[in-house]
Amino acid sequence: MDDLNLIAQAVGILASLTVISAFSQKLDKNFKLILIAGGIFFSLHYILMAAYVAALVAFVNSVRTYFSMKYHKSNKLMIGFICFYIACLFLVYEKPYDVLPVLAGILTCFSLYKLEGIKMRIAMFFSEGSWLIFSLLIFSIGGIITNIFVLITNSITTYRLVKESKNET
């Protein structure tokens, strides 16, 4: 492993730890602020790994999270961010798997602005699955750790929600 790759992986692990720590936050504001920091770290990580579409998507994710703090259900913002994700692909597309982070960004954006509960978590599952496949393809250790953590956490939460909804009927 060369020095640049070692630095890139270290930044990815820092990003992963930052994102995972966000899930321990009780206040939504702190959760989102830490997610923003994690997204910026991931953006740097992907730049160092020469995964430029993923870097742009991670950065746009951070901006989207910031705006979601004030404008949670804005259709205009949702459409604007989806356009940004598509633009990221057209601006720096290199390999077929560059589509995966863009797909993940669009799914997450749509689910955060339009879906709730179980439907939102199912869409997020596919989004995170896209990131996991991408992380495996480029061998992003921090990405793999984060994606697996989020997939497991989301699966447990979705299972609990499904179980609760069955108990209510």
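Cut-offs used in this document
- Residues numbered from 1 in each chain as written.
- Predicted model: local features only at pLDDT ≥ 70, side-chain atom pairs only at ≥ 80, totals over all residues.
- Heavy atoms only, no water.
- Helix = DSSP H or I, 4+ residues; strand = E, 2+ residues; numbered from the N terminus.
- Buried < 20%, exposed > 50% of the residue type's maximum accessible area, 1.4 Å probe, protein only.
- Contact = heavy atoms within 4.5 Å.
- Areas by Shrake-Rupley, 256 points an atom, 1.4 Å probe, with all protein chains shown as cover.
- Lys, Arg positive; Asp, Glu negative; His and termini not counted.
- Charge placed at Lys NZ, Arg CZ, Asp CG, Glu CD.
- Axes fitted to C-alpha atoms, helices over the stretch in contact; angles between N-to-C directions.
- Parallel < 35°, antiparallel > 145°, perpendicular 65-115°, else oblique.
- Nonpolar A, V, L, I, M, F, W, Y, C, P; charged D, E, K, R; others polar.
- Patch = residues over 30% accessible without salt bridge, like charges linked within 9 Å, V, L, I, M, F, W, Y side chains within 5 Å.
- Salt bridge = Lys/Arg side-chain N within 4 Å of Asp/Glu carboxyl O.
- Core = buried A, V, L, I, M, F, W, Y, C linked by side-chain atoms within 4.5 Å.
- Phe/Tyr/Trp six-rings, centres within 6.5 Å; stacked < 30°, edge-to-face > 60°.

As for the overall build of the chain
Moving on, step 1. Per the secondary structure count, the chain includes 7 helices and 0 strands.
Moving on, step 2. Ordering the α and β elements of the chain from the N terminus gives α-α-α-α-α-α-α.
Moving on, step 3. Projected onto its principal axes, the C-alpha coordinates of the chain cover approximately 55 × 30 × 30 Å.
Moving on, step 4. By the burial criterion, 39% of the 169 residues in the chain qualify as buried.
Moving on, step 5. Taking all contacts inside the chain whose residues are at least 6 apart in sequence as the whole, residues at least 24 apart take part in 67%.
Moving on, step 6. Looking at the chain as shown, the accessible area adds up to about 9600 Å², and 71% of this sits on carbon and sulfur atoms.
Moving on, step 7. Of note, the chain has its 14 positive side-chain charges centred 12 Å away from the centre of its 9 negative side-chain charges.

Some words on the packing of helix α4 (residues 75–92) against helix α5 (residues 99–114)
Moving on, step 1. Between α4 and α5, whose axes approach to 9 Å, the crossing angle comes to 175°. Here α4 lies roughly antiparallel to α5, going by the angle between them. On the side of α4, the interface is formed by Asn75, Leu77, Met78, Phe81, Ile82, Tyr85, Ile86 and Leu89, while α5 contributes Val99, Val102, Gly105, Ile106, Cys109, Phe110, Tyr113 and Lys114.
Moving on, step 2. Considered class by class, the residues forming the contact of α4 with α5 number 13 nonpolar, 2 polar and 1 charged.

Examining unusual backbone geometry
Moving on, step 1. If you check the backbone angles, Ala50 has positive phi at about 60° while not being a glycine.
Moving on, step 2. Residue position: Ala50 is located in the loop between α2 (28–48) and α3 (52–68).
Moving on, step 3. Owing to a relative accessible area of 37%, Ala50 belongs among the partly exposed residues under this scheme.
Moving on, step 4. In this model, Phe139 sits at a positive phi of 55°, which is unusual for a non-glycine residue.
Moving on, step 5. Within the secondary structure, Phe139 is located in the loop between α6 (117–138) and α7 (141–168).

Focus on a nonpolar patch on the surface
Moving on, step 1. Where nonpolar side chains cluster on the molecular surface, the patch consists of Ile13, Leu17 and Ile145 and spans about 250 Å² of accessible area.
Moving on, step 2. Locating Leu17 in the fold gives a position in helix α1 (residues 3–22).
Moving on, step 3. On the basis of relative accessibility, which here comes to 54%, the residue Leu17 falls in the exposed class.

Digging into the environment of Asn61
Moving on, step 1. Along the polypeptide, Asn61 turns up in helix α3.
Moving on, step 2. Residue Asn61 is classed as buried on the basis of its relative accessible area of 16%.
Moving on, step 3. Residues in contact with Asn61, not counting those within four places in the same chain, are Tyr85, Gly105 and Trp131.

Thoughts on the nonpolar core
Moving on, step 1. Ranked by internal contacts, the top residues of the largest apolar core, which has 27 residues, are Tyr46, Val57, Tyr85, Cys109, Trp131 and Phe134.
Moving on, step 2. Every element with two or more residues in this core is listed here: α1, α2, α3, α4, α5 and α6.
Moving on, step 3. Here Tyr85 is in contact with Val57, Val60, Asn61, Arg64, Val102, Gly105, Ile106 and Cys109, once residues within four sequence places are set aside.

Brief notes about the packing of aromatic side chains
Aromatic rings considered in pairs are described by the distance between their centres and by the relative angle of their planes.
Moving on, step 1. One pass over the full model with this rule turns up 12 aromatic pairs.
Moving on, step 2. When the ring of Phe125 is compared with that of Phe126, the centres are 6.2 Å apart and the planes differ by 85°; the resulting orientation is edge-to-face.
Moving on, step 3. Under the relative-accessibility criterion, Phe125 is labelled partly exposed at 37%.
Moving on, step 4. Since its relative accessible area comes to 55%, Phe126 is described here as exposed.
Moving on, step 5. Aromatic ring contacts, followed pair by pair, group Phe42, Tyr46, Tyr97, Trp131 and Phe134 into a single cluster.

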